[in-house]
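# Reading the structure
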Amino acid sequence: MIRLAAALAALSVTAPSLADDHAGDWSIVLHGGAGVIERGDMDAETETAYREALDAAIRRGGEILAEGGDAMDAVEAVIRILEDDPKFNAGIGAVFTSGGANELDSSIMRGSDMQAGAASGVTNVRHPISLARAVLENSPHVMLQGEGAETFAEEQELELVEPAYFFTERRWASMVRAVRRMGLPIPPRPEGAPEAEPIREGALDLMEREHAFGTVGVVALDQSGELVAGTSTGGTTAKRWGRVGDSPIIGAGTYATPICGVSATGTGEYFIRLNVAARICTQLEVLGEGEGTGQAAADSVIQDGLTEMGGDGGIVMLGHGEPIWSYNTAGMYRASMVSSGEVVVSIYGDEP
Ligand code: ASP
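## Notes on the overall build of the protein chain
A count of helices and strands for the protein chain gives 10 helices and 12 strands. Across the 352 residues of the protein chain, 56% fall into the buried class. Total accessible area on the protein chain stands at roughly 14,100 Å², and carbon and sulfur atoms take up 51% of it.

## Details of the packing of aromatic side chains
One pass over the full model with this rule turns up seven aromatic pairs. A connected cluster of aromatic rings, assembled from ring pairs, spans Tyr50, Phe88 and Tyr333. Here the basic side chain of lysine 87 rests over the ring of tyrosine 50, its NZ or CZ set 6.0 Å away from the ring centre.

## Details of the pattern of salt bridges
Per the counting criterion, the structure on display carries 14 salt bridges. For aspartate 55, the salt bridge identified is with arginine 59, shortest N-O distance 2.9 Å. Here arginine 59 and aspartate 55 lie together in helix α2 (residues 44-66), a separation of four residues that amounts to about one turn. The exposure class of aspartate 55 is partly exposed, given its relative accessible area of 24%. Since its relative accessible area comes to 41%, arginine 59 is described here as partly exposed. Where glutamate 76 meets arginine 133, a salt bridge forms, and the shortest distance between an N and an O atom there is 2.7 Å. One end of the pair, glutamate 76, is in helix α3 (residues 71-83); the other, arginine 133, is in helix α4 (residues 128-138), and 57 residues separate them in sequence. Accessibility expressed as a relative area gives 14% for glutamate 76, which makes it buried. Salt bridges sharing common partners tie together Asp73, Glu76, Arg80, Arg133 and Glu137.

## With respect to the sheet that holds strand β8 (residues 260-266)
Spatial ordering of the open sheet is given by β7-β8-β9-β10, a layout of four strands whose pairing is antiparallel. Edge positions in the open sheet fall to β7 (254-256) and β10 (322-327), since each of these has one partner strand only. Averaged over all pairs of adjacent strands, the angle between strand axes in this sheet comes to 10°, irrespective of strand direction. Across six bridges, strand β9 (residues 313-319) lies against β10 in antiparallel orientation.

## Section: the site of the ligand
Not every one of the 11 residues close to the ligand is listed here, only the nearest: Thr215, Arg243, Asp246, Thr265 and Gly266. Separating an oxygen atom of the ligand from a side-chain N or O atom of arginine 243 is a distance of 2.7 Å. Backbone polar atom of glycine 266 to a nitrogen atom of the ligand: 2.7 Å apart, as the coordinates give it. Per-class residue counts for the shell around the ligand are one nonpolar, eight polar and two charged.

## Points about the nonpolar core
Core analysis: the largest hydrophobic core is formed by 36 residues, its most contacted members being Val262, Val276, Ile280, Ile315 and Met317. At six residues, helix α9 (residues 276-287) tops the list of elements feeding residues into this core. Beyond its immediate stretch of four places on either side in the chain, isoleucine 280 contacts Val262, Ala297, Ala298, Val301, Ile302, Ile315 and Met317. Core analysis: the next-biggest nonpolar cluster, separate from the first, contains 35 residues, Ile28, Leu30, Ala132 and Ile347 among them.

## Observations concerning the environment of alanine 164
Examined against the element boundaries, alanine 164 turns out to sit in the loop between α5 (146-155) and α6 (169-181). Distance from alanine 164 to arginine 189, taken between C-alpha atoms, is 9.3 Å for residues 25 residues apart in sequence. In contact with alanine 164, not counting residues within four places along its chain, are Glu191, Gly192 and Ala193.

## Observations concerning a nonpolar patch on the surface
Taken together, the side chains of Val142, Met143 and Val244 present a nonpolar region at the surface, about 220 Å² in accessible area. Position of valine 244 relative to the elements: it lies in the loop between β6 (227-233) and β7. With a relative accessible area of 31%, valine 244 lands in the partly exposed category.

## Notes on the confidence of the model for the protein chain
On average, residues of the protein chain carry a pLDDT of 91, and 89% of them reach 70 or more. Predicted confidence is poor over residues 1-10, with pLDDT under 50, and the contacts of this stretch with residues over four places away or in other chains come to three contacts. Between residues 12-16, whose pLDDT stays under 50, and residues either more than four places distant or in other chains, the model counts eight contacts.

## Comments concerning the state of the cysteines
On inspection of all chains with the given rule, the structure shows one disulfide. Across the disulfide from cysteine 260 sits cysteine 281; the S-S distance is 2.1 Å. The disulfide joining cysteine 260 to cysteine 281 has a torsion of about -80° about its S-S bond and is therefore left-handed. Taken together, the residues cysteine 260 in strand β8 and cysteine 281 in helix α9 connect sequence positions 21 residues apart. Of the residues examined, cysteine 260 reaches a relative accessible area of 0% and is grouped as buried.

Criteria and cut-off values
- Residues numbered from 1 in each chain as written.
- Predicted model: local features only at pLDDT ≥ 70, side-chain atom pairs only at ≥ 80, totals over all residues.
- Heavy atoms only, no water.
- Helix = DSSP H or I, 4+ residues; strand = E, 2+ residues; numbered from the N terminus.
- Buried < 20%, exposed > 50% of the residue type's maximum accessible area, 1.4 Å probe, protein only.
- Areas by Shrake-Rupley, 256 points an atom, 1.4 Å probe, with all protein chains shown as cover.
- Phe/Tyr/Trp six-rings, centres within 6.5 Å; stacked < 30°, edge-to-face > 60°.
- Lys NZ or Arg CZ within 6 Å of the ring centre and 35° of its normal.
- Salt bridge = Lys/Arg side-chain N within 4 Å of Asp/Glu carboxyl O.
- Pairing = 2+ DSSP bridges.
- Axes fitted to C-alpha atoms, helices over the stretch in contact; angles between N-to-C directions.
- Near = heavy atom within 4 Å.
- Polar contact = N/O pair within 3.5 Å; in protein donor to acceptor, adjacent residues only side chain to side chain.
- Nonpolar A, V, L, I, M, F, W, Y, C, P; charged D, E, K, R; others polar.
- Core = buried A, V, L, I, M, F, W, Y, C linked by side-chain atoms within 4.5 Å.
- Contact = heavy atoms within 4.5 Å.
- Patch = residues over 30% accessible without salt bridge, like charges linked within 9 Å, V, L, I, M, F, W, Y side chains within 5 Å.
- pLDDT = per-residue confidence, 0-100.
- Disulfide = S-S within 2.5 Å.

Shown next as structure tokens:
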């Protein structure tokens, strides 16, 4: 016990939380995936739909925090909205495995006590982020996978759905294209999926340039100074053999300490190897509080470390309460809101 206290002190887990010097302030930041998203790739209608979705989601989170709600509720509520939106690769609209299934991953972490919950490879839980939260709050474990995770979800009375609930034609078509390219057999359409409908090739091209990303993640700081980070995804298109990405892995795709919260999106294999989310928070501790330290911590890991390794993607982060993003792709769906009421919604690399 004494050894644990010493270890936590060394990690400055017992250091004063953000509540001490930021009383009443709150902030929230989210991403909806990163990739080669460039001006002209999307028609005006599609772009507007993305911007409206990001705007509505961040404002909902802001509303919860402004009313004094807690960061855990804000992160869960915003991710649930994005999981219900077929534009994003989480919940309905998730990408397919090469075997024609949706296998969903999620995680959530609280900064003050560094408690975490995660789930991987679930096929019938409508809101994987709520499952991650239930793992954190109601199980002695940190990460559950597959059937066991689904049994736990049922025991927790979370909403269960048929696997075909997550089906969208464009994600299916994109998987079929990838599987063909890989020389693998095309899997049968899932039982209960709607009749096949034609998909514009252009829409598929955009999805591929987006790297079929669209993972969603949120970091929130509430008025009491509590910081929570969460991430939810379908993973990568045509993934094989029970592949697990970074999103449900604490330290890789999601991380939170008392002063730092990160959610990532991108080529998960690299994010796991570089332990991206935790590395950024460690870097922030080294740099300390001050003008630009959050951005410097994030950039050192994404612009330098990840890029040198050959991975691509990005992160959103709250560093000492300040919303920050960093990505090495052309764009990232992203938004932030702070207690002054200022909202930022951006997609492309030439936007703030
Ligand atoms: N990071 C996710 C994964 O590798 C995918 C993504 O962010 O789009 O599973």
